[in-house]
Amino acid sequence: MKLTVPYIAGDGVGPEVTAAMRRVIDAAVAKACGPERRIDWREVPAGQAAFAQSGTYLPDGTVAAFRACGLGIKGPLATPVGGGIRSLNVQLRQELDLYVCLRPVRWFKGIASPVRHPERVDITVFRENTEDIYAGIEWESGSEGARRLYAFLHDELGVSKVRFPETSAYGVKPVSREGSERLIRAAIRYALDHGRKRVTLVHKGNIMKYTEGGFRRWGYELAQREFGAELAAGRLEMDDCITDAFLQNALLRPEDYSVVATLNLNGDYISDMLAAQVGGIGISPGANINYDTGCAIFEATHGTAPDIAGKDLANPCSNLLSGVMLLEHVGWEDAAQLIYSALERSFAEGYATRDLASLMDNGKPLGTRAFTDHLISCL
């Protein structure tokens, strides 16, 4: 009846959105479940604050806490571009083998959108989380590693397609049958469990025939081998779409898609594009899950926004909705539904943080703390 949840407050606006998330979650759990259920929040260090304290951005104890509890939640963490440390988000996913990045995308009435019919967007994205570009296999231009790799490609494998070998940087994207199958299996099971018949494999197999083309082929083979009865009975439908075509189709006819399974880089583009259709990543949650071990870390999907940190302007909805996903993950559905209803009521009345309210027809902008108070009053 007491759930222990390690959490990383995060960098930039992270502490603000995390505090808001915890307040709303606690209030919803108390209202839905009474005093017999509660969450024991345990802060664990990561990011800039951890480095200032211990000289490391991701202490071993933080990873151990997530592993021991089997779940957790985190605010945004800063990642340098073009150098510096590798993404802490990626490191967590790799170390805990959280092979699914789960991104459900839906619209809330009242939220402004750049498309005419955002209500037609109801798509759950399963993005592979440990292979492809997240494997992080790269060699910098001009490095000894780049020179040796090109020599091997050219001399041993007969590769002659590199146009400027002396100045090229190189990246390798591993895509395995096992990694592809476990992601697609999770997507299919999710679809069946949630009454969503169609699973779409999104790929660039027309160009990368053995990596992304392999993902597509292995997906169909898995579906036929393990879910043949569901396919034959019409409870499951499988199709596929090339990534660039999907990006167009999802704008024109989003209702044609329900559950999407895709590789890492494609999934990054797809999930953010879909989020833009329903109001942006500020209102889109995410989770990193290993469906075999049950370990799951929920997270805000946006960045650290250092320009507004500490100014009571941050939008906590992404982190809050990720917390709602956590509640659903552990079976506390009543509390989760209370928060969905509170958000729907608040947005329908025009109450939101400035980033959302400024685009609404009847927008009533609130600061982070005032918006949190308003949501609690709506529970």
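Described below are features of the structure shown in this document. (Residues numbered from 1 in each chain as written. Predicted model: local features only at pLDDT ≥ 70, side-chain atom pairs only at ≥ 80, totals over all residues. Heavy atoms only, no water.)

**A closer look at empty space enclosed by the protein**
Over the atoms rolls a probe the size of a water molecule, and its path tells where empty space is left.
Consideration 1: Counted according to the given criterion, the structure contains 1 cavity of 30 Å³ or more.
Consideration 2: Taken together, the residues of the lining of the largest cavity sort by class into 3 nonpolar, no polar and 4 charged. (1 Å grid on protein atoms, 1.4 Å probe; cavity = no way out; pocket = protein on both sides within 12 Å on 5 of 7 lines; lining within 4 Å. Points joined across faces, edges and corners; volume = space filled by probe spheres on them. Nonpolar A, V, L, I, M, F, W, Y, C, P; charged D, E, K, R; others polar.)

**What about helix α4 (residues 88-95)?**
For an α-helix, 3.6 residues make a turn, and residues three or four places apart therefore share a direction.
Consideration 1: Along α4, the residues that are buried comprise Leu88, Asn89, Val90, Leu92 and Arg93.
Consideration 2: At its buried positions, α4 is contacted by β1 (2-8), α3 (60-69), β3 (71-74), β11 (285-289) and β12 (296-300). (Buried < 20%, exposed > 50% of the residue type's maximum accessible area, 1.4 Å probe, protein only. Helix = DSSP H or I, 4+ residues; strand = E, 2+ residues; numbered from the N terminus. Contact = heavy atoms within 4.5 Å.)

**Thoughts on unusual backbone geometry**
Consideration 1: One non-glycine residue, aspartate 132, adopts positive backbone phi at about 55°.
Consideration 2: Mapped onto the elements, aspartate 132 comes out in the loop between β5 (122-128) and β6 (137-139).
Consideration 3: Owing to a relative accessible area of 0%, aspartate 132 belongs among the buried residues under this scheme.

**Brief notes about the packing of aromatic side chains**
Consideration 1: As enumerated under the stated definition, the model contains 7 aromatic pairs in all.
Consideration 2: Taking the centre distance of 6.2 Å and the plane angle of 85° together, the rings of tyrosine 7 and tryptophan 41 count as edge-to-face. Taken together, the residues tyrosine 7 in strand β1 and tryptophan 41 in strand β2 (residues 38-43) connect sequence positions 34 residues apart. Here the two residues tyrosine 7 and tryptophan 41 agree in accessibility, since each one is buried.
Consideration 3: A connected cluster of aromatic rings, assembled from ring pairs, spans Phe108, Phe347 and Phe371.
Consideration 4: Just above the ring of phenylalanine 108 sits the side chain of arginine 106; from NZ or CZ to the centre is 4.0 Å.
Consideration 5: Positioned above the aromatic ring of tyrosine 351 is the side chain of lysine 364, whose terminal nitrogen or guanidinium carbon lies 5.2 Å from the ring centre. (Phe/Tyr/Trp six-rings, centres within 6.5 Å; stacked < 30°, edge-to-face > 60°. Lys NZ or Arg CZ within 6 Å of the ring centre and 35° of its normal.)

**Details of the environment of cysteine 69**
Consideration 1: Mapped onto the secondary structure, cysteine 69 falls in helix α3.
Consideration 2: You can call cysteine 69 partly exposed: its relative accessible area is 32%.
Consideration 3: When the C-alpha positions of cysteine 69 and isoleucine 308 are compared, they lie 33 Å apart, and in sequence the two are 239 residues distant.
Consideration 4: Not counting residues up to four positions away in its chain, the partners in contact with cysteine 69 are Thr4 and Pro6.

**Observations concerning the packing of helix α12 (residues 333-348) against helix α14 (residues 368-378)**
Consideration 1: Contact pair α12 / α14: the axes reach a minimum separation of 8 Å and the direction vectors enclose 115°. Between α12 and α14 the crossing geometry is right-handed. Of the residues in α14, those in contact with Ala342, Leu343, Arg345, Ser346 and Phe347 of α12 are Phe371, His374, Leu375 and Cys378.
Consideration 2: Across the contact of α12 with α14, the residue classes tally to 6 nonpolar, 2 polar and 1 charged. (Axes fitted to C-alpha atoms, helices over the stretch in contact; angles between N-to-C directions. Left-handed = near helix turned anticlockwise from the far one by under 90°.)

**Comments concerning the environment of arginine 185**
Consideration 1: Looking at the element boundaries, arginine 185 is found in helix α6 (residues 177-193).
Consideration 2: Discounting chain neighbours no more than four positions away, the residues touching arginine 185 are Leu222, Glu226 and Phe227.

**A word on the side chain of serine 258**
Consideration 1: Topologically, serine 258 is positioned in the loop between α9 (243-252) and β10 (259-262).
Consideration 2: Given the relative accessible area of 14%, serine 258 is considered buried.
Consideration 3: Reaching out from serine 258, the side chain makes a polar contact with the side chain of arginine 196 at a distance of 3.2 Å.
Consideration 4: Filtering out sequence-adjacent residues up to four positions away, serine 258 remains in contact with Asp122, Ile123, Thr124, Arg196 and Arg198. (Polar contact = N/O pair within 3.5 Å; in protein donor to acceptor, adjacent residues only side chain to side chain.)

**So, the pattern of salt bridges**
Consideration 1: In total, this model carries 27 salt bridges according to the counting rule given.
Consideration 2: Between glutamate 299 and lysine 74 there is a salt bridge, with the nearest N and O atoms lying 3.3 Å from each other. Taken together, the positions of glutamate 299 in strand β12 and lysine 74 in strand β3 put the pair 225 residues apart, joining distant regions of the chain. As far as the burial class goes, glutamate 299 and lysine 74 line up, both buried.
Consideration 3: With a closest N to O distance of 3.4 Å, lysine 204 and aspartate 244 form a salt bridge. Of this pair, lysine 204 sits in the loop between β8 (198-203) and α7 (212-226) while aspartate 244 sits in helix α9, and the two are 40 residues apart along the sequence. (Salt bridge = Lys/Arg side-chain N within 4 Å of Asp/Glu carboxyl O.)

**Considerations on the pairing of β2**
Consideration 1: Here 6 bridges tie β1 to β2, and the two strands are oriented parallel to one another. Directly across from proline 6, in β2, lies its bridge partner arginine 42.
Consideration 2: Remark: the β1/helix α1 (residues 14-33)/β2 crossover connection has right-handed handedness. (Pairing = 2+ DSSP bridges. Right-handed = clockwise from strand over helix to strand, strands pointing away.)

**Remarks on the packing of α1 against helix α11 (residues 317-329)**
Consideration 1: Across the interface, α1 lies against α11 with an axial gap of 9 Å and an inter-helix angle of 40°. The angle between α1 and α11 places the two elements in the oblique class. Of the two possible hands of crossing, α1 and α11 adopt the one that is right-handed. Of the residues in α11, those in contact with Val17, Thr18, Met21, Val24, Ile25 and Val29 of α1 are Asn319, Leu320, Gly323, Val324 and Leu327.
Consideration 2: Grouping the constituent residues of the contact of α1 with α11 by class yields 8 nonpolar, 3 polar and no charged. (Parallel < 35°, antiparallel > 145°, perpendicular 65-115°, else oblique.)

**Focus: the sheet that holds β11**
Consideration 1: If you walk across this open sheet you meet the 10 strands as β2-β1-β3-β12-β11-β4-β5-β10-β8-β9, and the pairing is mixed. Each end of this open sheet is capped by a strand with a single partner; those strands are β2 and β9 (237-242). Taken pair by pair, the neighbouring strands of this sheet meet at an average axis angle of 25°, ignoring direction.
Consideration 2: Against the sheet, α1 contacts β1, β2 and β3, and its axis sits at roughly 160° relative to β2.

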